[in-house]
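Listed below, chain by chain, are the residues.
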Amino acid sequence: MNDMRQMTALGRSIEDGSFAIIDHEAGAHDFEPAEWQVVRRVIHATADFEFKTLMRFHPDAVRAGVAALRSGCPLLVDVKMIAAGLNEERLSAYGCRVHSFISDEDVIATAKANNSTRAVEAMRKAHRLNLLNGAIVAIGNAPTALLEVARLIREEAAKPALVIGVPVGFVSAAESKDVTLELPTPFIVAQGRKGGSPIAVAIIHALLLLSTKESA
């Protein structure tokens, strides 16, 4: 695959101009070059330069994410908004499929029966289906999903290739990210309350673009 941005020459010129502005206004930073490609795309998606100070990377995060995509890994997302934002053509070129179980009838029924959340039960279902191992897990909305993924890693030997932990919110959002930072699993996290599905989408698209570069 070549440049995976599906846009006209003018659109590409506008995007490139935006990234040039971001690089200029962001100034010096301590991110590795590949990590900065992720951070600048998050800033591009939000126009929020605070993400320069919020983004945290496990040392193997970008390498693990790119390798997983190239191997055709499943992508497990907490909400369908992330799935809607991803370009299936880009992912299918590697054989990757996106999975979201939060609206499944059995997930809803189990969450009600257990006084749990749909997000928690969706992650448990993914684990039962053996979709977590080797997957990229992207959490943009539900802190309880991120906390459950962390529990599955610690207590049930789940082995995702990469955890993208960027849920937005006020209840347990920051705390769920702090828990993720303690995991041995590669992670990309936006600390604090900020985040959201568009952030998760931006991170995955950045990894997809990096996956087309031999140096990634």
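Since we're looking at a predicted model, the values are computed, not measured.

A.B. asks: Looking at this structure, how should I read the packing of helix α8 (residues 118-128) against helix α9 (residues 143-156)?
C.D. replies: Geometrically, a packed helix pair is captured by the angle between its two axes and the distance between the axes. Following both chains from N to C, one finds α8 and α9 inclined at 35°, their axes separated by 8 Å at the closest point. Where α8 crosses over α9, the handedness of that crossing is right-handed. Here A119, V120, M123, R124 and H127 of α8 come into contact with α9, specifically with T144, A145, E148, V149, R151, L152 and E156. Grouping the constituent residues of the contact of α8 with α9 by class yields 6 nonpolar, 2 polar and 4 charged.

A.B. asks: Even after reading the chapter, I still don't get unusual backbone geometry, so can you show me in this structure?
C.D. replies: Leaving glycine out, the prevailing phi sign among residues is negative, and the prevailing peptide bond configuration is trans. A positive phi angle, near 60°, is found at N130, a position not held by glycine. Looking at the element boundaries, N130 is found in the loop between α8 and β4 (136-139). Assessed through its relative accessible area of 51%, N130 is described here as exposed. Unlike most non-glycine residues, S172 shows phi in positive territory, near 70°. Assessed through its relative accessible area of 27%, S172 is described here as partly exposed.

A.B. asks: It is not clear to me how the nonpolar core should be interpreted in this structure. Could you clarify?
C.D. replies: Generally speaking, soluble globular proteins have nonpolar side chains that are buried together. Of all hydrophobic cores here, the largest spans 66 residues; its most connected members are M55, I203 and L207. Per element, the largest residue contribution to this core is 10 residues, and it comes from helix α11 (residues 197-211). Not counting chain neighbours up to four residues away, the residues in contact with L207 comprise V38, V62, G65, V66, L69, L162 and I164.

A.B. asks: Please explain the packing of aromatic side chains as it appears in this structure.
C.D. replies: Taken as a whole and judged by the stated rule, the model has 2 aromatic pairs. Here F31 and F57 contribute two aromatic rings whose centre-to-centre distance is 5.8 Å and whose plane-to-plane angle is 75°, an arrangement assigned as edge-to-face. Pair noted here: F31 is in the loop between α1 (9-26) and α2 (33-46) and F57 is in strand β1 (residues 55-57), with a separation of 26 residues, a long-range link. For F57, a relative accessible area of 14% gives the class buried. Among the aromatic side chains, those forming a connected cluster through ring pairs are F31, W36 and F57.

A.B. asks: When you look at the UniProt feature "domain: Cobalamin biosynthesis precorrin-8X methylmutase CobH/CbiC" (unreviewed entry) in the chain in this model, what are you seeing that I'm missing?
C.D. replies: In the numbering used here, UniProt assigns the "domain: Cobalamin biosynthesis precorrin-8X methylmutase CobH/CbiC" (unreviewed entry) feature to residues 14-208. Segment residues 14-208 splits into 55% helix and 10% strand. End C-alpha atoms: 20 Å apart.

A.B. asks: What am I meant to see in the sheet that holds β4 here?
C.D. replies: Across a sheet, paired strands are connected by hydrogen bonds in the backbone, their directions being either parallel or antiparallel. Taken together, 6 strands build an open sheet; the order of strands is β1-β6-β5-β4-β2-β3 and the sheet is mixed. Where the open sheet ends on each side, the last strands, each with one partner, are β1 and β3 (98-99). Two strands pair when backbone bridges link them, and strand β2 (residues 75-77) and β3 are joined in this way by 2 bridges, in the parallel orientation. In the sheet register, L75 faces β3, and the bridge partner there is V98. Together, β1, β2, β4, β5 (162-165) and β6 (187-190) form the strand contacts of helix α4 (residues 61-70), whose direction differs from that of β4 by roughly 115°. Against the sheet, helix α10 (residues 173-180) touches β5 and β6, its axis set at about 150° to β6.

A.B. asks: Explanation requested: α2 in the structure shown.
C.D. replies: Every α-helical turn comprises 3.6 residues, leaving residues that sit three or four positions apart pointing alike. In a regular helix each residue adds 1.5 Å, so 14 residues correspond to 20 Å; α2 covers 20 Å between its end C-alpha atoms and thus fits that length. Where α2 is concerned, the buried positions are E35, W36, V38, V39, R40, R41, V42 and I43. Elements that come into contact with the buried residues of α2 comprise α1, α3 (51-54), β1, α4 and α11. Looking one or two places after α2, you find A47, whose phi comes out positive at around 55°.

Here is what the cut-offs are and how they apply
- Residues numbered from 1 in each chain as written.
- Predicted model: local features only at pLDDT ≥ 70, side-chain atom pairs only at ≥ 80, totals over all residues.
- Heavy atoms only, no water.
- Axes fitted to C-alpha atoms, helices over the stretch in contact; angles between N-to-C directions.
- Helix = DSSP H or I, 4+ residues; strand = E, 2+ residues; numbered from the N terminus.
- Left-handed = near helix turned anticlockwise from the far one by under 90°.
- Contact = heavy atoms within 4.5 Å.
- Nonpolar A, V, L, I, M, F, W, Y, C, P; charged D, E, K, R; others polar.
- Buried < 20%, exposed > 50% of the residue type's maximum accessible area, 1.4 Å probe, protein only.
- Core = buried A, V, L, I, M, F, W, Y, C linked by side-chain atoms within 4.5 Å.
- Phe/Tyr/Trp six-rings, centres within 6.5 Å; stacked < 30°, edge-to-face > 60°.
- UniProt positions renumbered as here; feature names shortened; annotations may be inferred.
- Pairing = 2+ DSSP bridges.
- Expected span 1.5 Å × (residues − 1).

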